[in-house]
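Each chain, written out:
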Amino acid sequence: MNNINRSCGVLLHITSLPSPYGIGTLGKDAEEFIDALRDSGQKYWQVLPINPVGYGNSPYQSYSAFAGEPLLIDLDDLVGNGLLTRKSCEEADFGADPSFVDFEKVAAVKMQLLREAFKTFTEGTNAVDVAFLAFNSEEAGWLDDYALFMAIKTSNKNVAFTNWSRPLLLRDKKAIEDFLEQDGIGKEVEFWKFTQFFFHRQWNKLRRYANKSGVKIIGDIPIYASPDSADVWTNPGLFLLDADCKPTKVAGVPPDYFSETGQLWGNPLYNWDAPLVFDWWIKRFKKASELYDTIRIDHFRAFDTYYAIPYGEKTAVKGEWLNGPGMDLFNAVKKEKTLANFPIIAEDLGELFDSVKILLKQTGFPGMKILQFGFNNQNQDNEHLPHNYKSNMVVYTGTHDNSTVNGFLKAKNAPKSMAKNYIKPGFLEPAHWACIRSLYASTAGIVLIPMQDVLGLDDSARMNTPGTIKSGAGGNWVWRMKKGEFKPAALKKLKSLSEVYFR
């Protein structure tokens, strides 16, 4: 992605879109958001991982690195296909507050509706049957294992796979055959394939709509697989695990900007010496290239050096830095014709060794800079301030892990003086718009603004606080934009900035 054109976009996860069904979906409201992006001069829509959410409702702790989140499926499309009735959707209780996702309630209600749709789908003569069979065949490389994993997980009351019976834990062939012979299990496996069929069909339609509107979608690849995932269960040899499939060392980061005790993520680390680990990553990149127009790699630095924490530690204070695959992996990726020139953004934030910066330069990928990180009470110059940006960069006011700009500036020890002197708000110009303007005016190639900052919201709209598990209103991953909240005035302001600064 060298020599990227000056452009701009918005960061908003799909779950944060408005909809009548308690959570953002791939339906009409997503298309209307794309229309708004087009009309405001935006060229990109960045989303968080669209994989099935796992522990803590985090899209970065997914049951599969290849599957899509069933909760994002548009129910109106299923109604249109005769698989659900309008009445059943309207009478369902998805939660009364449109400002946040009640994941527990939404999951319980929506999965039941999806099961009703699946029942209709399998009992009737449906025109999409051939397409469904073709999808199952084309995606079998990951779909079969994912559907089986979810069927076993459901039958085991959703406990982590490390708590399954040992034969199923270790994928004993006879145990799996016996499981599949149980009444209803075949249908259960088909149900999970059904959810993926409709997810992918709707996603592909939405992406085509975006591209036709001149908007490209930036997708997000979490670097690590979830410890409770089809990926780890199916490919234990690719990870540093013991005989019970539990990690020997886990991922995280040492004490940093976000936490005095570091961040203990708990994901198993890759066995980079495993013969097939590069093949798995290539498959993952290929899948992402089919879903997105650009890929953002989360925690890129771990390909150079990664932090390994002994399994069982309560914090991330104790750990060691180990060497990742470096350029060897990306050389292997670039040998694939479909991936040779695919646009990739590297999330290179945090305390970086010189070797990480060298790797980034070798790949040619643009890195990221965060305006909030530029402001400090010591009034010190640093690489996150706009006057230091370069064209091969993607810059943000903040990411999903940061406070909103207004929340940041209102915090107790915020560097208000430096921020005000730097962004120099105009007469009656709100601080968040001055921050956005300073990025648009910079030499950075791509500017991406979280929707919360476009709307000028405080920290009640923060998407995630790293190292914490919080649910309910104001919790992690739950914020939603209300219907009509992206007002014409904000749209017009973005449009004006994109034109004034030639983005």
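Residues numbered from 1 in each chain as written. Predicted model: local features only at pLDDT ≥ 70, side-chain atom pairs only at ≥ 80, totals over all residues. Heavy atoms only, no water.

Draft legend 1. Quick peek at the sheet that holds strand β7 (residues 305-310). A sheet is described by the order of its strands in space; here four strands give the open sequence β5-β4-β7-β8, paired in antiparallel fashion. This sheet does not close on itself; its edge strands, each paired only once, are β5 (263-268) and β8 (320-323). On average, adjacent strands in this sheet sit at an angle of 50 degrees to one another, irrespective of strand direction. (Pairing = 2+ DSSP bridges. Helix = DSSP H or I, 4+ residues; strand = E, 2+ residues; numbered from the N terminus. Axes fitted to C-alpha atoms, helices over the stretch in contact; angles between N-to-C directions.)

Draft legend 2. View of unusual backbone geometry. Residue W477 is not a glycine yet carries a positive backbone phi of 70 degrees. Tracing the backbone through its elements, the reader meets W477 in the loop between α18 (451-454) and α19 (488-500). Owing to a relative accessible area of 7%, W477 belongs among the buried residues under this scheme. Not every positive phi belongs to a glycine, and F502 is a case in point at roughly 55 degrees. As for its placement among the helices and strands, F502 is situated in the segment after α19. Overall, F502 belongs to the exposed group, its relative accessible area being 68%. (Buried < 20%, exposed > 50% of the residue type's maximum accessible area, 1.4 Å probe, protein only.)

Draft legend 3. Quick peek at empty space enclosed by the protein. With the rule as written, the count across this model stands at five cavities of 30 Å³ or more. Space inside the largest cavity adds up to approximately 140 Å³. T399, H400, P450, Q452 and M463 are the residues nearest the centre of the largest cavity, which is lined by 17 residues in total. For the lining of the largest cavity, the class distribution of residues is seven nonpolar, eight polar and two charged. Here the second largest cavity defines a volume of roughly 110 Å³. Lining the second largest cavity, in full, are I50, N51, A65, F66, D220, I221, P222, R284, K287, A288, L291 and Y292. Elements with a contribution of two residues or more to the lining of the second largest cavity: β3 (216-221) and α11 (277-291). If you tally residues by element for the lining of the second largest cavity, the top one is α11, at four residues. Of the residues belonging to the lining of the second largest cavity, the class tally is eight nonpolar, one polar and three charged. (1 Å grid on protein atoms, 1.4 Å probe; cavity = no way out; pocket = protein on both sides within 12 Å on 5 of 7 lines; lining within 4 Å. Points joined across faces, edges and corners; volume = space filled by probe spheres on them. Nonpolar A, V, L, I, M, F, W, Y, C, P; charged D, E, K, R; others polar.)

Draft legend 4. Main features of the pattern of salt bridges. Across all of its chains, the model carries 25 salt bridges by this definition. The shortest N-O distance in the salt bridge between E188 and R115 comes to 2.9 Å. A residue pair is termed long-range when its members are at least 10 positions apart, and E188 in helix α9 (residues 185-212) and R115 in helix α4 (residues 103-123) qualify at 73 residues. By relative accessible area, which is 13% here, E188 ends up buried. (Salt bridge = Lys/Arg side-chain N within 4 Å of Asp/Glu carboxyl O.)

Draft legend 5. Broad picture of helix α13 (residues 354-363). Among the residues of α13, V356, L359, L360 and T363 are the ones counted as buried. Along the long axis of α13, the arc covered by the buried residues comes to 100 degrees, so they all point the same way. Opposite the buried face of α13, by more than 90 degrees, sit the exposed residues D354 and K361. Of the surrounding elements, those touching the buried residues of α13 are β7, α12 (327-334), β9 (344-346) and β10 (367-370). Phi turns positive, to about 85 degrees, at G364, one or two residues after α13. (Arc of directions from axis to C-beta. Contact = heavy atoms within 4.5 Å.)

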